[in-house]
Amino acid sequence: SSRFSSTCFSPADLDRLMGQSCCSNNALEQEWKTSTESVNNVPVLHKPVALDALDTATCYDGDYAVVSTSDGSVVDVMHLRLGDGVGSWSALGPFGHADKLIWDGKRLQTGGTSFVLQEDGDFCNGSGYVIRDVAKHWSLMQKDAGSFKTPQSGEARKSLAAPDAALPLATNAYLRTTQNSPLYEALASGSLRLVRGTFVQDCWKQRKPWPMRQDMPESGFWPAEEACAMWQMYGPIFFLALSYAWLHPTMNDPEMWHLERLACILTEYRSSLPSMSIWLRQKGAVDPRAPGPPEDIGVFIDYCSLPQEDTDRGIMRSQEEHQQFVSGLGVADIIYGHANTTVLRITSVPTSEQRKYHFRGWPIFEQHVSNAKPGYSLKVFEFDDAFIPKNNTLHGLGFIMESMKGQSPQRSQQQFCAELSSRCRLLKEVSANLQLFSNPQDEHFVVQKYAEVWSQLARSSALTYRRVGWGTAEALQLAIVLPKFTQLKTFVLTNSAIGSEGMKAIVINLPRQIEELTISGARGEKAVDDVGLALSELTNLRYLDLSHSDWGDVGVQVLVSQMPKNVRVLELVRSGFRDRGASNLAGLFHQLHVLHVVFNHVSGSGTDSFIAALPGSTIEQLQLCLLTESFEAEKDRLIDAWVRAGKSRERLAIVDWKPPEVASRSVSQPG
């Protein structure tokens, strides 16, 4: 759009800036356009289509399609894209072809692994393979013993949302944007109003403080119906929630400290919308039918969005305004914790202000709630004392990426209350007259609202922390609350060097019913004995990924000896083992279905161990690297044994790989 002057980054650029790898997808070459292709004469659609339009359709979304067989009893994944994981895969799925997907009442099973319904509405297998937006169509599917069936035209459509479902999507207020959800109803009723981004920018241009809601011109608001429609279409890139510290008890921001900062933020945010729209559309947060990025955004600013009182001016809320205020306050937790809102934290205050952002009750609440936000990436931004608008030299997407705030571990209700007490004591050390809450009655309300947040969190079936960059301290903090997640089935933590102490604490405190576990890049190899012992107690574990830790041969031997008997998928990518470790892993061929061990030093004797274990084994998929001078011969030998054992050739991936030190020595050889 010509109204945006900044460069529109490609999804690959954005993923690179995010530290994530973008999957190949030809559909991105024609962004915002419909495209159709065919695989084995089965259509693969890149746009949503009514289910009644095709008898073979189970569900669709922008980049993924799940298509049923002709009898409707099972489904094939025709587009299975890698989500936040590393690497690029075939457009037909990570195994290079369509895989049958079976529903067992709690999860989808395919190719030796299973996909659990996540809180963001995706199905995920714990290491990044994601099927997007299936959950959006729950009410349009019906349950049939062990499978999905496509509803026929005119047939009664039953909801799959059972009490024991992996995610109670139909009752989770933090995820829904549909009618009858609390936040949607607050918007639709007008109890909560969203301010136009352009209005905020114009206020700063005219050097006029933003007005309280009763003084706001109607043109400064999004009409209720339009706000709801825009939120449903654009999700978190449209609905922004401001978290900040009031600087006056009634006038809020009279010196325009926050206004100046927010106007600058919104200018850069709006210029980044084309790129962010594409990226979040890929992630399922933006409707694929959206014609392009939104021209403007809606901002929740409590002073402008909810009816206020100003005793200095004699302004009190009417009965109707009081009801609107109570209704809006009632969804305060959802405003900041919803998967489809974006939080802007302005934590700076003037130096003369004694009560800083982190010593105020409401900002502490907003910070903790937004830390628990599902699908956290690109949805929380923080602007501290270092952000001075007149000195800003970053623009557009670069500005936004610089302001991304890393996710912190969730806090239990007890921990939240303890933190409030601790902050209160520290504040009293500054001045005995200072309080966390300007209105003491708010404290009880905030504690009660966080209790509601925690009750939702504690029922989570999945906890996913990708590339959060945690260390040991964060891991230990999370380990304290892990036992409270009594329904947890999937745990994912990647790219966080939590070390041996952190890894030991997390694995020991995982609920025993965990089924899928990914702890990648932890560097926890020194705790292998404790980790192995804790793993042995996870008797329901089916999927395990402990990649990117230097386990070595000894560590792999310990892990194999303690491997739970139900594990069917094991990933030990770049784990520092050699042929001895490969020999130990071959001993698991009788129970594993999938083994991924690329970027390890496997050569001749390791290949021998794998070949010897193949006959009569349950292994269905194997990915490995061979480090040998006779690569082609070893590769052919393994392929021949694999096929003779009755395995599918398509499920064996062998890569010729040399570690950097080996490759550099090879290049430097004379001649």
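Refer to the structure above for everything that follows.
Residues numbered from 1 in each chain as written. Predicted model: local features only at pLDDT ≥ 70, side-chain atom pairs only at ≥ 80, totals over all residues. Heavy atoms only, no water.

S.K.: Looking at this model, I keep getting lost on the overall build of the protein. Mind explaining?
M.R.: In terms of regular secondary structure, the protein is built from 21 helices and 26 strands. When burial is assessed residue by residue, the protein has 59% of its 671 residues classed as buried. Put simply, of all contacts in the protein between residues at least 6 apart along the chain, 73% involve residues at least 24 apart. Just so you have it, the protein exposes about 27,100 Å², and 49% of that area is on carbon and sulfur atoms. (Helix = DSSP H or I, 4+ residues; strand = E, 2+ residues; numbered from the N terminus. Buried < 20%, exposed > 50% of the residue type's maximum accessible area, 1.4 Å probe, protein only. Contact = heavy atoms within 4.5 Å. Areas by Shrake-Rupley, 256 points an atom, 1.4 Å probe, with all protein chains shown as cover.)

S.K.: Looking at this structure, how should I read the environment of Lys-405?
M.R.: Its location among the elements puts Lys-405 in the loop between helix H11 (396-402) and helix H12 (413-430). Given a relative accessible area of 32%, Lys-405 falls into the partly exposed group. Here the alpha-carbon distance between Lys-405 and Glu-382, two residues 23 residues apart in the chain, equals 5.7 Å. Contacts of Lys-405, omitting those with residues within four sequence positions, involve Arg-345, Tyr-376, Val-380, Phe-381 and Glu-382.

S.K.: Sorry if this is basic, but what is going on with the packing of helix H3 (residues 197-205) against helix H5 (residues 257-271) here?
M.R.: Packed helix pairs are specified by the crossing angle of their axes together with the interaxial distance, meaning the distance between the axes. It is the contact of H3 with H5, at a shortest axis distance of 9 Å, that shows an interaxial angle of 130 degrees. It follows from the interaxial angle that H3 and H5 lie oblique. H3 and H5 meet at a crossing whose hand is left-handed. In this structure, H3 uses Gly-197, Thr-198, Val-200, Gln-201, Cys-203 and Trp-204 to contact H5, whose residues at the interface are Leu-259, Glu-260, Leu-262, Ala-263, Leu-266, Thr-267 and Arg-270. Classifying every residue of the contact of H3 with H5 by side-chain character gives seven nonpolar, four polar and two charged. (Axes fitted to C-alpha atoms, helices over the stretch in contact; angles between N-to-C directions. Parallel < 35°, antiparallel > 145°, perpendicular 65-115°, else oblique. Left-handed = near helix turned anticlockwise from the far one by under 90°. Nonpolar A, V, L, I, M, F, W, Y, C, P; charged D, E, K, R; others polar.)

S.K.: Sorry if this is basic, but what is going on with the packing of aromatic side chains here?
M.R.: Aromatic rings considered in pairs are described by the distance between their centres and by the relative angle of their planes. Across all of its chains, the model carries 16 aromatic pairs by this definition. Arranged with centres 6.0 Å apart and planes meeting at 45 degrees, the rings of Trp-362 and Phe-445 form a pair that is tilted. Here the residue Trp-362 occupies a position in helix H10 (residues 361-371), and Phe-445 occupies one in helix H13 (residues 441-457), the gap between them amounting to 83 residues. A connected cluster of aromatic rings, assembled from ring pairs, spans Trp-362, Phe-365, Phe-416, Phe-445 and Tyr-450. (Phe/Tyr/Trp six-rings, centres within 6.5 Å; stacked < 30°, edge-to-face > 60°.)

S.K.: Would you mind going over the nonpolar core with me for this structure?
M.R.: One recurring pattern in soluble globular proteins is that nonpolar side chains are buried together. Core analysis: the biggest nonpolar cluster contains 153 residues, and Leu-192, Phe-491, Leu-585 and Phe-610 have the highest contact counts within it. Broken down by element, this core gets its largest block of residues, seven residues, from H5. Apart from residues lying up to four places away in sequence, Leu-192 is in contact with Leu-183, Ala-186, Leu-187, Arg-213, Phe-239, Phe-300, Ser-305, Leu-306, Val-331 and Ile-335. (Core = buried A, V, L, I, M, F, W, Y, C linked by side-chain atoms within 4.5 Å.)

S.K.: Help me understand the sheet that holds strand S23 (residues 569-571), please; the structure alone is not making it clear to me.
M.R.: What holds strands together in a sheet is hydrogen bonding between their backbones, with the strands either parallel or antiparallel. Ordered in space as S19-S20-S21-S22-S23-S24-S25-S26, the eight strands form an open sheet in which the pairing is parallel. Here the strands that pair on one side only, and so sit at the sheet edges, are strand S19 (462-465) and strand S26 (652-656). Across the sheet, the mean angle from the axis of one strand to that of its neighbour is 10 degrees, orientation sign disregarded. Both S23 and strand S24 (residues 594-602) contribute to a ladder of three bridges, which runs parallel. When the bridges of S24 are listed, Leu-570 appears paired with Leu-595. Relative to S24, helix H19 (residues 604-613) is tilted by about 160 degrees, and along the sheet it contacts S24 and strand S25 (621-626). (Pairing = 2+ DSSP bridges.)

S.K.: Looking at this structure, I do not really get the environment of Ser-219. What am I missing?
M.R.: Positionally, Ser-219 belongs in the loop between H3 and helix H4 (224-234). Under the relative-accessibility criterion, Ser-219 is labelled exposed at 60%. Distance in space between the C-alpha atoms of Ser-219 and Arg-196 is 8.4 Å, their sequence separation being 23 residues.

S.K.: In this structure, what is going on with helix H14 (residues 472-481)? I would like to understand it.
M.R.: Given 3.6 residues per helical turn, the α-helix brings residues three or four places apart onto the same face. Within the span of H14, buried status applies to Ala-475, Gln-477, Leu-478, Ala-479 and Val-481. Looking at the packing, one finds that the buried side of H14 touches H12, H13, S19, strand S20 (490-494) and helix H15 (499-509).

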